[in-house]
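# Observations on chain architecture
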Amino acid sequence: DAGVTQSPTHLIKTRGQQVTLRCSPKSGHDTVSWYQQALGQGPQFIFQYYEEEERQRGNFPDRFSGHQFPNYSSELNVNALLLGDSALYLCASSPTDRGEAFFGQGTRLTVV
Amino acid sequence: KQEVTQIPAALSVPEGENLVLNCSFTDSAIYNLQWFRQDPGKGLTSLLLIQSSQREQTSGRLNASLDKSSGRSTLYIAASQPGDSATYLCAVYPNSGYSTLTFGKGTMLLVSP
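Below, the structure is looked at part by part. Throughout this document, residue positions are counted from 1 along each chain, in the order its sequence is written. All chains are assigned letters beginning with A, and all ligands numbers beginning with 1, in the order in which they are written. The predicted nature of this model means local features are confined to residues of pLDDT at least 70 and side-chain atom pairs, given and counted, to a pLDDT of 80 or more, with totals for whole chains, interfaces and linings taken over all residues. Hydrogens and water molecules were not included; the side-chain quantities draw on all heavy atoms of the structure.

### Concerning the state of the cysteines
Linking two cysteines covalently via their sulfur atoms produces the bond known as a disulfide. Here, two cysteine sulfur atoms that lie within 2.5 Å of each other are counted as a disulfide. Counted under the stated rule, the structure contains 2 disulfides over all chains. The side chain of A:Cys23 participates in a disulfide bridge whose partner is A:Cys91; the two sulfur atoms lie 1.8 Å from each other. Judged by the torsion about the S-S bond (-60°), the A:Cys23/A:Cys91 disulfide is left-handed. Taken together, the residues span a long stretch of sequence, with A:Cys23 in strand 3 (residues 19-24) and A:Cys91 in strand 9 (residues 87-94) at a distance of 68 residues. In this structure, A:Cys23 and A:Cys91 share a single accessibility class: buried. Two residues, B:Cys23 and B:Cys90, share a disulfide whose sulfurs are 2.0 Å apart. On the sign convention where negative is left-handed, the bridge of B:Cys23 and B:Cys90, at about -55° about the S-S bond, is left-handed. Of this pair, B:Cys23 sits in strand 3 (residues 19-25) while B:Cys90 is found in strand 9 (residues 86-94), placing the two residues 67 residues apart along the sequence. In this description a helix means any DSSP run of H or I spanning at least four residues, a strand means any run of E spanning at least two, and both kinds are numbered starting from the N terminus. The buried label applies to any residue whose accessible area, calculated with a 1.4 Å probe on protein chains only, is under 20% of its type's maximum; exposed applies above 50%, and partly exposed to all values in between.

Have a look at this one:
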């Protein structure tokens, strides 16, 4: 079992650009959540996808959007990048019904 | 809104010491609580998951307890080693049934040889 995999591992973008991050969930998991972790902070919940729909959303602007595919993999899109979007972006997958969340190794996004 | 606080923010100990990391949460209506380890610039490694019906979990030199009524959890590390140096994060699962975690800011642990 490959666990949760994220790509790319590192990314550098210019302010104002758009970025797409990808996540493949652990085998058997159908729910994917995304988190943003700024330096020195705990991860903050962005949103969760289940059955290809956004099921729950944290306190993030509409510049942050996502998608879930029929194979349960997911993308996180961020438009109009700001310097403050520089962070480690973590993907977590879980089975339905209160299952334990498993995290990927993250994508380090740097906005310059 | 659930808030999770971890104390202390940083801790430096000599090798071999036993230590306790604390986690508190404002809304006691949680389902699970999980402790993670994070090495610099890396993702999260799950250490212990305490499910709703449990009060503690043990794995090797680690023991975590949960008291939902008081909104507290502790992570006990026995006989600390330099390899334990990392940031330790506490996270709670809501009663909603969705695995959307609320994290504390973590405790940065340094164990010196």
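### Notes on the sheet that holds strand 7 (residues 64-68) of chain A
All names here are of chain A. Two strands are said to pair when DSSP picks up at least two bridges between them. If you trace the 4 strands from one edge of the open sheet to the other, you get 1-3-8-7, paired in antiparallel fashion. Pairing within the sheet leaves two strands with one partner each, and these edge strands are strand 1 (5-7) and strand 7. The average angle at which neighbouring strand axes cross in this sheet is 20°, direction not considered. By the bridge criterion, 5 bridges tie strand 3 to strand 8 (residues 74-78) in an arrangement that is antiparallel. Across the sheet, the residue bridging to cysteine 23 is serine 74, located in strand 8. Note on geometry: axes are lines fitted to C-alpha atoms, helical ones only across the stretch in contact, with angles between N-to-C directions running from 0 to 180 degrees.

By themselves these figures say nothing about function.
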